[in-house]
Amino acid sequence: MPMSSGFRQRLEPLLPALAQHFGTPFHIYDEVGIRETGALLKQAFAGVPGFREYYAVKALPNPAILRIMQELGFGYDCSSVAELQLSRQAGGRGEDIMFTSNNTTPDEFEAALADGGCILNLDDISLIDKVPRMPELVCFRYNPGPARSGNVIIGTPEEAKYGVAHEQLASAFRKAKQRGARRFGLHTMLASNERNADYMVQTVQMLLDLIAQLGQQLSIRFEFINIGGGLGIPYRPEDGAFDVMKLGQATATLLGEFKQRHGWQPKVYMESGRYVTGPHGVLVTQVINHKAIYRNYVGVDACMSALMRPGMYGAYHHIDVLGKTPGASDPVVDVVGSLCENNDKFAVQRALPATQDGDLLLIQDTGAHGHAMGFNYNGRLRPQELLLREGGQVELIRRAETLQDHFATLAFQPDVYRPA
Ligand SMILES: *Cc1c(COP(=O)(O)O)cnc(C)c1O
């Protein structure tokens, strides 16, 4: 079930006029769907005191979307200076923002601590001495190594560059305490696009076990655990949905048990990106060419600059042809962009209804890690972003890139270093 029937019904009648008005290609996001998923998340965790979602800004870093997150009461998970700026512009302050960087630079620390600060989530024990001023509240990202398995996007924990190793964790908190930290959290982010709720429940259990043990060892009462993002969405029609109610209820149960045993309980934070916005975005692109050689190609006016996931991970994105119903005798085609890279394909050997030049394709589930991951290789420009509002009007929320944008960094003061 890639695109919800609600989104489809809201969007499809508008599409020919939108293509006329704005031109193609564009990503379009569904405010109703985003708010529904936000509400579902809150409902699922209603039994968990202090639960908060910190939306992973990198998934869809657009101010109009971040304002919706603000209205939902969500915080922001950032890992760069740009994402910090966007979050603060959207109204995020102090502990509304979690800064989960890795291989962190001095500039990033300064930006994270400026403007009211944020919750600093440190990626390594060596960074403790590099934090210019240790904030009162600090968190570490935990990497369990061989104790847990991951997946293709994020890699197995043992091979992942992120986080503090198991045997370093106690020293990390001790050191942070020595530098003045007084309040503590524990974070992890292990899987990506994981549709099995049990995996996330195991993560909750793992973090609770750890804070119980570390808490005793270091005389710390942890304020929160952050179970990371990585909740999956059904990209393929046959994929099952992530059971967020199950995760919320199991989390509430585990916390209840924890409280019984220890007399206190941490708050629970999460930082999903994909789950919140992924299904509520579509890349709309127009068919511009047909080519029949050894395979049949459908050429469209978008390319990898708008959506990297198929080329980068071989990821499946469901495609519909506007106004055409799939049938048993549909031709098998590759849907391609114009970039000079043979992985610039939105679909490989996919059965699609026969298309003509001018047809509109809906490439689905582009509401997370879609536009944001686009790149400019080959001088290809990123497309515009639109937002389908609850009231039915459609707003431009980012214009398309122009060649002037692309060449902006070629205008600079001459600067030459001549060796003596
Ligand atoms: C990318 C990322 C997320 C969000 O991942 P999703 O798969 O979109 O939920 C959350 N936390 C961190 C640290 C990340 O790097």
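If you're wondering where the values come from, they're calculated on a predicted model, not measured in any experiment.

Calculation rules
- Residues numbered from 1 in each chain as written.
- Predicted model: local features only at pLDDT ≥ 70, side-chain atom pairs only at ≥ 80, totals over all residues.
- Heavy atoms only, no water.
- Disulfide = S-S within 2.5 Å.
- Axes fitted to C-alpha atoms, helices over the stretch in contact; angles between N-to-C directions.
- Helix = DSSP H or I, 4+ residues; strand = E, 2+ residues; numbered from the N terminus.
- Parallel < 35°, antiparallel > 145°, perpendicular 65-115°, else oblique.
- Contact = heavy atoms within 4.5 Å.
- Nonpolar A, V, L, I, M, F, W, Y, C, P; charged D, E, K, R; others polar.
- Left-handed = near helix turned anticlockwise from the far one by under 90°.
- Near = heavy atom within 4 Å.
- Polar contact = N/O pair within 3.5 Å; in protein donor to acceptor, adjacent residues only side chain to side chain.
- Areas by Shrake-Rupley, 256 points an atom, 1.4 Å probe, with all protein chains shown as cover.
- Domains from an automatic or database assignment.
- Buried area = accessible area lost by both parts, 1.4 Å probe.
- Salt bridge = Lys/Arg side-chain N within 4 Å of Asp/Glu carboxyl O.
- Pairing = 2+ DSSP bridges.

S.K.: So what exactly am I meant to see when it comes to the state of the cysteines here?
M.R.: Across all of its chains, the model carries 0 disulfides by this definition. Not engaged in a disulfide, the cysteine cysteine 118 finds its nearest cysteine sulfur in cysteine 78; these two sulfurs lie 7.7 Å apart.

S.K.: Mind showing me how you'd approach the packing of helix H3 (residues 31-44) against helix H9 (residues 244-262) here?
M.R.: Two measures define how a pair of helices packs: the angle their axes make with one another and the distance between the axes. One way to put it is that H3 packs onto H9 with a least axis distance of 8 Å and a crossing angle of 30°. As summarised for this structure, H3 and H9 are arranged roughly parallel, according to the angle between their axes. For the pair H3 and H9, the contacting residues are Leu40, Leu41, Gln43 and Ala44 in the first and Val244, Met245, Gly248 and Gln249 in the second. Residues of the contact of H3 with H9, tallied by class, amount to 5 nonpolar, 3 polar and no charged.

S.K.: Hey, could you run me through the packing of helix H5 (residues 81-89) against helix H6 (residues 106-113) in this one?
M.R.: Where H5 meets H6, the closest approach of the two axes is 9 Å, and the angle between their N-to-C directions is 10°. Taken as axis vectors, H5 and H6 run roughly parallel relative to one another. Pair H5 / H6 crosses with left-handed handedness. Of the residues in H6, those in contact with Val81, Leu84 and Arg88 of H5 are Asp107, Glu108, Ala111 and Ala112. Tallied by class, residues from the contact of H5 with H6 come to 4 nonpolar, no polar and 3 charged.

S.K.: Looking at this structure, how should I read the site of the ligand?
M.R.: As a structural note, the neighbourhood of the ligand is formed by 14 residues, with Lys58, Gly230, Glu271, Arg274 and His369 the closest of them. Here glycine 230 contributes a backbone N or O atom positioned 2.8 Å from an oxygen atom of the ligand. A distance of 2.5 Å separates a nitrogen atom of the ligand from a polar atom in the side chain of glutamate 271. Its free accessible area being 390 Å², the ligand has 90% of it covered by the protein chains. Tallied by class, residues from the shell around the ligand come to 2 nonpolar, 7 polar and 5 charged.

S.K.: Teacher, can you tell me more about unusual backbone geometry here?
M.R.: Cis geometry is found at the peptide bond from threonine 24 to proline 25, where omega equals -5°. Along the chain, proline 25 falls in the loop between helix H2 (15-22) and strand S1 (26-30). The phi dihedral of serine 219 falls on the positive side, at around 55°, and the residue is not glycine. If you trace the backbone, serine 219 turns up in the loop between helix H8 (197-218) and strand S9 (224-226). You will see that glutamine 349, though not glycine, has its phi angle at about 50°, which is positive. When you line up the elements, glutamine 349 lands in strand S15 (residues 345-351).

S.K.: Even after reading the chapter, I still don't get the environment of valine 204, so can you show me in this structure?
M.R.: Looking at where valine 204 falls in the secondary structure, it is placed in helix H8. As for valine 204 and alanine 112, which are separated by 92 residues in sequence, their C-alpha atoms are 27 Å apart. Not counting chain neighbours up to four residues away, the residues in contact with valine 204 comprise Ile225, Ile227, Leu247, Thr251 and Leu254.

S.K.: What should I look at first to understand the domain arrangement of the protein in this one?
M.R.: When the parts of a complex come together, some accessible area is lost, and that lost area is often taken as the interface size. Taken domain by domain, the protein comprises domain 1 (31-277) and domain 2 (279-401). Counting residues at the interface gives 26 residues for domain 1, matched by 21 residues for domain 2. Counting the surface lost from both domain 1 and domain 2, the interface buries some 2100 Å², and carbon and sulfur atoms represent 57% of this. Scanning the region where domain 1 abuts domain 2 turns up 2 salt bridges. Between glutamate 31 and arginine 389 there is a salt bridge, with the nearest N and O atoms lying 3.5 Å from each other.

S.K.: Help me understand the pairing of strand S11 (residues 281-292) in this model?
M.R.: Each regular strand displays side chains that alternate between the two surfaces of the sheet. Two strands pair when backbone bridges link them, and S1 and S11 are joined in this way by 4 bridges, in the antiparallel orientation. Counted as the bridge partner of isoleucine 28 is valine 282 from S11. Taken together, the 5 bridges between S11 and strand S16 (residues 360-364) define a ladder with antiparallel strand orientation. Paired with valine 284 across the two strands is leucine 362, which belongs to S16. Summarising the sheet, S11 and strand S12 (residues 296-300) pair through 5 bridges and their orientation is antiparallel. Within the sheet, the bridge partner assigned to lysine 291 lies in S12 and is tyrosine 297.

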